[in-house]
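# Residue-level structure breakdown
Here's the letter readout for the chains.
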Amino acid sequence: MKIIRAEEVHVEEALKLAIGEYENECRQIKQLPVIDVTEQLRVLITGLFRKNYGVVAMCEGEMAGYLAFTGPIDGYFGTCRGAYSPLGGNAFSGNDRGRLCSKLVEAGMKQLLTEAGVTSVALSRYADDPFVERSLVLNGFGIRCSDAVMDLNEFDLNIFHNDLTFTELIGDEKRRILDLRYGLVKHMSDSPIFFPTDIRQYMMHFPKEQSRIFAALKEEAVIGYMSIQDVGETFISETDSMKNICGAFVKEEYRGTHVGDDLLSYVCNVCKKDGIRYLGVDCETLNPNALRFWGKHFKNYTYSHHRRVDERVIGYESYLRKEWISNL
């Protein structure tokens, strides 16, 4: 096996591996849309290989796998510099994918550290590749978030548990959920998630943000909301037949009464009437409430893995050589 820097001449070989991985995931996750993803993946891989942060593994003249990153990104999961390999930005083939993954991670992280000072690394992988997942865990990565999908043709659209009013908020009406947005941001910053967010971004978007917001009303008071948008976190979400949930929150005093389930039923009905077949969602796996709720209705097809490297390692080799020689 020979590991070399990823270049644009490697795109078509990488594309074949990426398409093969998606087709394999579709065979395992029946809720995924069986669509031609060639162009989305070609654009994604080409863009990543042009950024110059990537490696490929060659075996007997053929590509066995690749790992490419976008970045560097300042303030990535903290105050450090980071990089991210999105779904389709990596692929591993053969019967020894765990070892292949480990070798590419070693080479890719060394490249990021020495050339860009990156100490926070994340990559998105399909959920049903236990060999690669085990390799990542043994290489110090932990699962941080996931993407999931629902086929609306398999969802019962007529189940409602509460006598509530549901409506779409338009324009300046979207401000009615500001206190719920605050509650969501606060919830995400608490244990065990510890995910702080710049609250100002939520104050600046109304009423211009493009997401559609649906509210659950009890006597005209908004007690929960759910929002959707055209594009999610993966190239799969770009298909015209899919919408993506990008936020949801129910007031604490109404949790456990199926308000969230009823909101989801309402949103699914709206999407189905608009000719949408699939609904996607992404959530932090560190958020147990969200994970349990979405897991009732959606099927996970990705997990994002993250590793934080001790930043003191930057420049450590020069320091080590200097101190070692001075003490001989």
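In this text the structure is predicted, and so the values were computed from the model without any measurement.

### Section: the overall build of the protein chain
What the protein chain contains, in helices and strands, is nine helices and 14 strands. The C-alpha radius of gyration of the protein chain comes to 22 Å, within 12% of the 20 Å expected for a compact globule of 328 residues. C-alpha atoms of the protein chain, sized along the principal axes, occupy 80 × 45 × 30 Å. Looking at the 328 residues of the protein chain, the share that counts as buried comes to 47%. Expressed as a percentage of contacts within the protein chain between residues at least 6 apart in sequence, the contacts between residues at least 24 apart total 75%. A total accessible area of about 17000 Å² is found for the protein chain, and carbon and sulfur atoms account for 50% of it.

### Brief notes about the packing of aromatic side chains
The full count for this structure, using the stated rule, is eight aromatic pairs. With a centroid separation of 4.6 Å and 40° between ring planes, the pair formed by Y76 and F77 is classed as tilted. Ring plane angle 85° and centroid distance 5.6 Å describe the contact between W294 and F298, whose orientation is recorded as edge-to-face. Of the two residues, W294 and F298, both sit in the buried class. Members of the aromatic cluster, joined through ring pairs, are Y22, Y126 and F235. Directly above the aromatic system of F77 lies the positively charged group of R144, at a separation of 3.8 Å from the ring centroid.

### Considering the pairing of strand 14 (residues 299-308)
Strand direction decides the pairing type here: strand 7 (residues 120-126) and strand 14, joined by seven bridges, are antiparallel. The residue bridging S124 from the neighbouring strand is S304, located in strand 14.

### Details of helix 5 (residues 178-189)
The first and last C-alpha atoms of helix 5 sit 17 Å apart over 12 residues, in line with the 16 Å expected at 1.5 Å per residue. Listed in full, the buried residues belonging to helix 5 are L178, L180, R181, G183, L184, V185 and M188.

### Here we look at the sheet that holds strand 3 (residues 62-68)
Strand-to-strand pairing in sheets goes through backbone hydrogen bonds, with the strands running parallel or antiparallel. One open sheet holds the four strands; their spatial order is 1-2-3-6, and the pairing between them is antiparallel. Edge positions in the open sheet fall to strand 1 (2-5) and strand 6 (90-92), since each of these has one partner strand only. Across the sheet, the mean angle from the axis of one strand to that of its neighbour is 30°, orientation sign disregarded. As paired elements, strand 1 and strand 2 (residues 54-59) share four bridges and run antiparallel to each other. Each bridged residue has a counterpart across the sheet, and for R5 the counterpart in strand 2 is V55. Packing against the sheet, helix 1 (residues 11-28) makes contact with strand 2, strand 3 and strand 6, and its axis sits at approximately 80° to strand 3.

### Topic: a nonpolar patch on the surface
Together, V313, I314, Y316, Y319 and L320 give the surface a local cluster of nonpolar side chains, amounting to about 450 Å² of exposed area. By the secondary structure assignment, V313 is in the loop between strand 14 and helix 9 (316-326). Owing to a relative accessible area of 36%, V313 belongs among the partly exposed residues under this scheme.

### Considering the environment of T114
When you line up the elements, T114 lands in helix 3 (residues 97-116). Assessed through its relative accessible area of 58%, T114 is described here as exposed. In the structure, T114 is positioned 40 residues away from D74 in sequence and 16 Å away in space, judged by C-alpha atoms. In terms of polar contacts, T114 uses its side chain to reach the backbone carbonyl oxygen of K110, at 2.8 Å. Here the side chain of T114 touches Q111 through a polar contact of 3.5 Å, landing on its backbone oxygen.

### Concerning the sheet that holds strand 11 (residues 221-229)
If you trace the 10 strands from one edge of the open sheet to the other, you get 4-5-7-14-8-13-12-11-10-9, paired in mixed fashion. A single partner strand is all that each edge strand has here, and the edge strands are strand 4 (70-74) and strand 9 (165-169). Each strand of the sheet is rotated relative to its neighbour by a mean of 25°, with strand direction disregarded. One ladder, built from seven bridges, connects strand 8 (residues 142-151) with strand 14; its direction is antiparallel. Its bridge partner being in strand 14, D147 is matched across the sheet by T302. Seen against the sheet, helix 4 (residues 130-138) touches strand 7, strand 8 and strand 14 and runs at an angle of roughly 165° to strand 7.

Scoring rules and cut-offs
Residues numbered from 1 in each chain as written. Predicted model: local features only at pLDDT ≥ 70, side-chain atom pairs only at ≥ 80, totals over all residues. Heavy atoms only, no water. Helix = DSSP H or I, 4+ residues; strand = E, 2+ residues; numbered from the N terminus. Rg over C-alpha atoms; globule rule 2.2 N^0.38 Å. Buried < 20%, exposed > 50% of the residue type's maximum accessible area, 1.4 Å probe, protein only. Contact = heavy atoms within 4.5 Å. Areas by Shrake-Rupley, 256 points an atom, 1.4 Å probe, with all protein chains shown as cover. Phe/Tyr/Trp six-rings, centres within 6.5 Å; stacked < 30°, edge-to-face > 60°. Lys NZ or Arg CZ within 6 Å of the ring centre and 35° of its normal. Pairing = 2+ DSSP bridges. Expected span 1.5 Å × (residues − 1). Axes fitted to C-alpha atoms, helices over the stretch in contact; angles between N-to-C directions. Patch = residues over 30% accessible without salt bridge, like charges linked within 9 Å, V, L, I, M, F, W, Y side chains within 5 Å. Salt bridge = Lys/Arg side-chain N within 4 Å of Asp/Glu carboxyl O. Polar contact = N/O pair within 3.5 Å; in protein donor to acceptor, adjacent residues only side chain to side chain.

Shape is all these values report; function is a separate question.
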